[in-house]
Amino acid sequence: MRLNRRRLIVAPLTILSLCFASAAYAGGGNPSLTNDCDIAITLMCHFDGNITLNNLNLVEATYNAQLPQVPTLDLNPTGFFSGSYTPNPGQDIKSGMIMANFLVSYFAVKGGNAFELYKLATPSTQFSWNTNDIPNGGGNAPGLSHLLWIGYSAAPPPPPPPPPTGVPEPATWAMMIIGFGAAGSMLRRRKTIIA
């Protein structure tokens, strides 16, 4: 009987420690959506917690579970591209501009204990960011912890091909052939005058 009690105590502790280990591995607390937002309309959602490339699936699941009435968020599709930036320790950066080598659709700005997930209305290779939308206890914008941006295309789509050149109509061909024939017959019938 004593062995069974021990298993009942050890098993929940093991599961609890695994949960804490996975949260620490994800780079902080699991993300939680703090407001009801439709990223397709507002183009921004506020989350408490952390966002990294390792926990994109958690961010998706959090958004999709709390907002089931809106189109699902897909941050981790097949063939996605990503980039990130972390300032050097001691730097207090609060705004800037990023130029990526692919079309960016989403980007996240992490500062303090929260992050903002933004959707670009039109995917672009550059975007500007700031930490003003992240709440901070003192009322000032927090410094940047890190940036993460995600896109789905390696390069802008190529421009459409030029329209095909027109093909002359049959009447145009007939006039052109008659013109060449008339010019050739005039050259052939021309008599040389000896002076």
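Thresholds, definitions, all that
- Once a new chain begins, its residue numbering starts again from 1 and follows that chain's sequence as written.
- Owing to the predicted nature of the model, reporting of local features is limited to residues with pLDDT of at least 70; listing and counting of side-chain atom pairs is limited to 80 or more, with chain, interface and lining totals taken over all residues.
- Calculation of side-chain values draws on the structure's entire complement of heavy atoms; hydrogens and water are dropped beforehand.
- Each helix corresponds to a stretch of at least 4 residues labelled H or I by DSSP, and each strand to a stretch of at least 2 residues labelled E; elements are numbered beginning at the N terminus.
- Burial classes: relative accessible area under 20% of the type maximum marks a residue as buried, over 50% as exposed, and values in between as partly exposed (1.4 Å probe, protein chains only).
- Only heavy atoms enter the contact rule, under which two residues are in contact if any of them lie within 4.5 Å.
- Only the protein chains shown count as cover for residues, and all accessible areas are computed by the Shrake-Rupley method using a 1.4 Å probe.
- In what follows, salt bridge is the name for a side-chain nitrogen of Lys or Arg lying within 4 Å of a carboxyl oxygen of Asp or Glu.
- This arc corresponds to the set of directions leading from the helix axis out to the C-beta atoms.
- Aromatic contacts are taken between Phe, Tyr and Trp rings whose centres are within 6.5 Å, Trp giving its six-membered ring; a plane angle under 30 degrees counts as stacked, one over 60 as edge-to-face, and the others as tilted.
- The definition of a nonpolar core used throughout is a set of buried Ala, Val, Leu, Ile, Met, Phe, Trp, Tyr and Cys residues joined through side-chain atoms within 4.5 Å.
- As used in this structure description, the phrase polar contact means that two N or O atoms lie within 3.5 Å; if the pair is within protein, one of them must be able to donate a hydrogen and the other to accept it, and residues adjacent in sequence are counted only when both atoms belong to side chains.
- Per residue, pLDDT captures the predictor's confidence, and it can take any value from 0 to 100.
- One requirement defines pairing of two strands: DSSP has to find at least two bridges between them.

**Side note on the overall build of the protein**
Thinking step 1. A count of helices and strands for the protein gives four helices and six strands.
Thinking step 2. Starting at the N terminus and walking to the C terminus, you meet the elements of the protein as α-β-α-β-α-β-β-β-β-α.
Thinking step 3. Residues classed as buried in the protein amount to 30% of the 195 residues present.
Thinking step 4. Restricting the contact set of the protein to residue pairs at least 6 apart, pairs at least 24 apart contribute 64%.
Thinking step 5. Entry remark: accessible area of the protein is about 13,300 Å², with carbon and sulfur atoms responsible for 62%.

**Regarding the pattern of salt bridges**
Thinking step 1. Scanning the entire structure with this criterion turns up one salt bridge.
Thinking step 2. D92 is the salt-bridge partner of K94, the closest N and O atoms lying 3.8 Å from each other.
Thinking step 3. Looking at K94, the relative accessible area reads 32%, which means it is partly exposed.
Thinking step 4. What makes D92 exposed here is its relative accessible area of 54%.

**Looking at helix α3 (residues 56–66)**
Thinking step 1. Regarding α3, the residues found buried are L56, V59, E60, T62 and Y63. One face of α3 carries all of its buried residues, which in axial projection span an arc of 165°.

**Topic: the packing of aromatic side chains**
Thinking step 1. Tallied over the full model, the rule gives five aromatic pairs.
Thinking step 2. An aromatic cluster is present here, built from F107, Y118, F127 and W149 joined pairwise through their rings.

**Description of the nonpolar core**
Thinking step 1. Core analysis: the biggest nonpolar cluster contains 15 residues, and V104, F107, V109, F127, W129, L147 and W149 have the highest contact counts within it.
Thinking step 2. Those elements that provide at least two residues to this core are β4 (95–111), β5 (114–130) and β6 (146–153).
Thinking step 3. With six residues, the top contributor of residues to this core is β4.
Thinking step 4. Counting 14 residues, the second-largest nonpolar core is a separate cluster that includes V59, L75, Y106 and I150.

**Focus: the side chain of N55**
Thinking step 1. Mapped onto the fold, N55 is located in the loop between β2 (44–48) and α3.
Thinking step 2. Of the polar contacts made by the side chain of N55, one reaches the backbone oxygen of N50; its length is 2.9 Å.

**A look at the confidence of the model for the protein**
Parts of the model with low pLDDT should not have their predicted coordinates read in detail.
Thinking step 1. Summary statistics for the protein give a mean pLDDT of 74 and a share of 68% for residues scoring 70 or more.
Thinking step 2. For the protein, the element scoring lowest by mean pLDDT is helix α1 (residues 2–25), at 37; helix α4 (residues 170–189) scores highest, at 89.
Thinking step 3. Every residue in residues 1–28 scores below 50 in pLDDT, and together they form nine contacts with partners more than four places removed in sequence or on other chains.

**A word on the environment of D133**
Thinking step 1. Mapped onto the elements of the fold, D133 is located in the loop between β5 and β6.
Thinking step 2. A sequence separation of 87 residues divides D133 from H46, and the C-alpha atoms of the two residues are 8.4 Å apart.
Thinking step 3. For D133, the contacting residues outside a window of four places in its chain are M44, H46, E116 and Y118.
Thinking step 4. Among the polar contacts made by the side chain of D133, one reaches the side chain of Y118 at a distance of 2.8 Å.

**Re the pairing of β4**
For a regular strand, side chains alternate in direction, first toward one face of the sheet and then toward the other.
Thinking step 1. Buried residues dominate β4, accounting for 12 of its 17 residues.
Thinking step 2. Judged from the 12 bridges that link them, β4 and β5 form a sheet pairing that is antiparallel. Its bridge partner lying in β5, V109 is registered against E116.
Thinking step 3. The loop that links β4 with its antiparallel partner β5 comprises two residues; one of these, G112, has a positive phi angle of about 65°.

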